[in-house]
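What follows is the residue order along each chain.
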Amino acid sequence: MTTSSLNILVVQGTIREGRNSIHPARYVTAQFREKGHDVELFDMKNYDIPLFRNQRNAVDYPHPGVDEFGQKVEAAQALVIVAPEYNHSIPGTLKNLLDHLYPEYEDTAFSYVTVSAGGFGGVRALSHLHDITLEFNAHPGPDLPVSNVHDAFDEDGTLIDKTYEDRFEEFVEQVVEHAEQFVPSTVSTTPETSV
Ligand SMILES: Cc1cc2nc3c(=O)[nH]c(=O)nc-3n(C[C@H](O)[C@H](O)[C@H](O)COP(=O)(O)O)c2cc1C
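Throughout what follows, the structure given in this document is the object of discussion. None of the values given here were measured: they were computed from a predicted structure. (Residues numbered from 1 in each chain as written. Predicted model: local features only at pLDDT ≥ 70, side-chain atom pairs only at ≥ 80, totals over all residues.)

Details of the site of the ligand
Consideration 1: If you check the shell around the ligand, you find 16 residues, and the closest are Arg-19, Asn-20, Ser-21, Pro-84 and Ala-117.
Consideration 2: For the shell around the ligand, a count of residues per class yields six nonpolar, seven polar and three charged. (Near = placed C-beta within 6 Å. Nonpolar A, V, L, I, M, F, W, Y, C, P; charged D, E, K, R; others polar.)

Below you can see the structure in the form of structure tokens.
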């Protein structure tokens, strides 16, 4: 099945000052947009997400930032998590954000861009993201580990390691292919002729 345009939410995983992972997050968002998808980068820096106390669906008046995140997740056909590796896992801020929701993730296609300053591309964060996605009853999908992020992107966010051009392009295609498996197919609206 081929869907012409998907609703994709890219989730930036850290609010650290001087974060480098924002560069691949912006880059991949632009790639999806260029391919004609309806894509948004969710940057929690702009939402003042509170420390987790209870899930969005369990409270009468969820925090507006959490509620907005929940609505965006519900509308998305694919979630792309961009996460640097912090202390062999994902950033606490990302785990806190993700924990605010639960039913909203069900059956959603997940993909991952993990980031490290060294040569391992954040693969331990990736493994944790897989486990988290399975707990959500969602669908773990393709990944793109970005190693040596300081050499891959310059300070302005320009991709300088050109070997990543093809890798991002391939990743974007894989994300779409993965997500399309879980998008309900269009039902024909042609009325049946009764005899
Ligand atoms: C708190 C912290 C913990 C880190 N732990 C790891 C780690 O366990 N493994 C690793 O490969 N890199 C680790 N790093 C390096 C980061 O992966 C690297 O700095 C990357 O650029 C972080 O993404 P950011 O710039 O978006 O914060 C750590 C960095 C920070 C700030």
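Points about the environment of Pro-140
Consideration 1: Position of Pro-140 among the secondary structure elements: in strand β5 (residues 139–146).
Consideration 2: On the basis of neighbour count, Pro-140 is assigned to the partly exposed category, with 18 C-beta atoms found within 10 Å.
Consideration 3: Apart from residues no more than four positions distant in its own chain, Pro-140 is found in contact with Phe-110, His-130, Thr-133 and Leu-134. (Helix = DSSP H or I, 4+ residues; strand = E, 2+ residues; numbered from the N terminus. Buried ≥ 20, exposed ≤ 12 C-beta atoms within 10 Å, placed from the backbone. Contact = placed C-beta atoms within 7 Å.)

Comments concerning the environment of Val-11
Consideration 1: Turning to its location among the elements, Val-11 is positioned in strand β1 (residues 7–12).
Consideration 2: Discounting residues that sit within four places of it in the chain, Val-11 has contacts with Phe-42, Leu-79, Val-80, Ile-81 and Val-82.

So, helix α3 (residues 92–99)
Given 3.6 residues per helical turn, the α-helix brings residues three or four places apart onto the same face.
Consideration 1: Of the positions making up α3, those classed as buried are Leu-94, Leu-97 and Leu-98. Taken down its axis, α3 places every buried residue within 95 degrees of arc, on the same side.
Consideration 2: Contacts made by the buried residues of α3 are with α2 (64–75), β3 (78–84) and α4 (123–135). (Arc of directions from axis to C-beta.)

Points about the pairing of strand β4 (residues 109–115)
Consideration 1: Within β4, seven of the seven residues are buried, leaving the element largely enclosed by the surrounding structure.
Consideration 2: Taking every second residue as pointing to the same face, both faces of β4 are buried, with Ala-109, Ser-111, Val-113 and Val-115 on one and Phe-110, Tyr-112 and Thr-114 on the other.
Consideration 3: Judged from the seven bridges that link them, β3 and β4 form a sheet pairing that is parallel. Looking at the pairing, Leu-79 lines up with Phe-110 of β4.
Consideration 4: Note on the crossover from β3 through α3 to β4: the handedness is right-handed.
Consideration 5: The pairing of β4 with β5 spans six bridges and is parallel. Looking at the pairing, Phe-110 lines up with Pro-140 of β5.
Consideration 6: In this fold, the crossover linking β4 to β5 by way of α4 has right-handed handedness. (Pairing = 2+ DSSP bridges. Right-handed = clockwise from strand over helix to strand, strands pointing away.)

Re the pairing of β3
Consideration 1: β3 sits mainly inside the fold: seven of its seven residues count as buried.
Consideration 2: Here β3 shows a buried face lined by Ala-78, Val-80, Val-82 and Pro-84 and a second buried face lined by Leu-79, Ile-81 and Ala-83.
Consideration 3: By the bridge criterion, five bridges tie β1 to β3 in an arrangement that is parallel. Looking at β3, one finds that Ile-8 is bridged to Ala-78.

A look at the nonpolar core
Consideration 1: Counting 46 residues, the largest nonpolar core has Ile-8, Val-10, Ala-78, Leu-79, Val-80, Ile-81 and Ala-83 as its most contacted members.
Consideration 2: Of the residues forming this core, the biggest block, six residues, is contributed by β3.
Consideration 3: Ignoring anything within four residues of it in the chain, the contact list for Ile-8 reads Phe-32, His-37, Asp-38, Val-39, Ala-76, Gln-77, Ala-78 and Val-80. (Core = buried A, V, L, I, M, F, W, Y, C linked by C-beta atoms within 7 Å.)

Considering the sheet that holds β4
Across a sheet, strands are paired by hydrogen bonds formed along the backbone, either parallel or antiparallel in direction.
Consideration 1: With respect to topology, five strands assemble into an open sheet ordered β2-β1-β3-β4-β5, the strand pairing being parallel. Both edges of this open sheet fall to β2 (38–43) and β5, since each of them pairs with a single strand only. Going from strand to strand, the sheet's axes swing by 20 degrees on average, the running direction of each strand aside.
Consideration 2: Running over the sheet, helix α6 (residues 163–180) touches β3, β4 and β5 and is turned about 175 degrees from β5. (Axes fitted to C-alpha atoms, helices over the stretch in contact; angles between N-to-C directions.)

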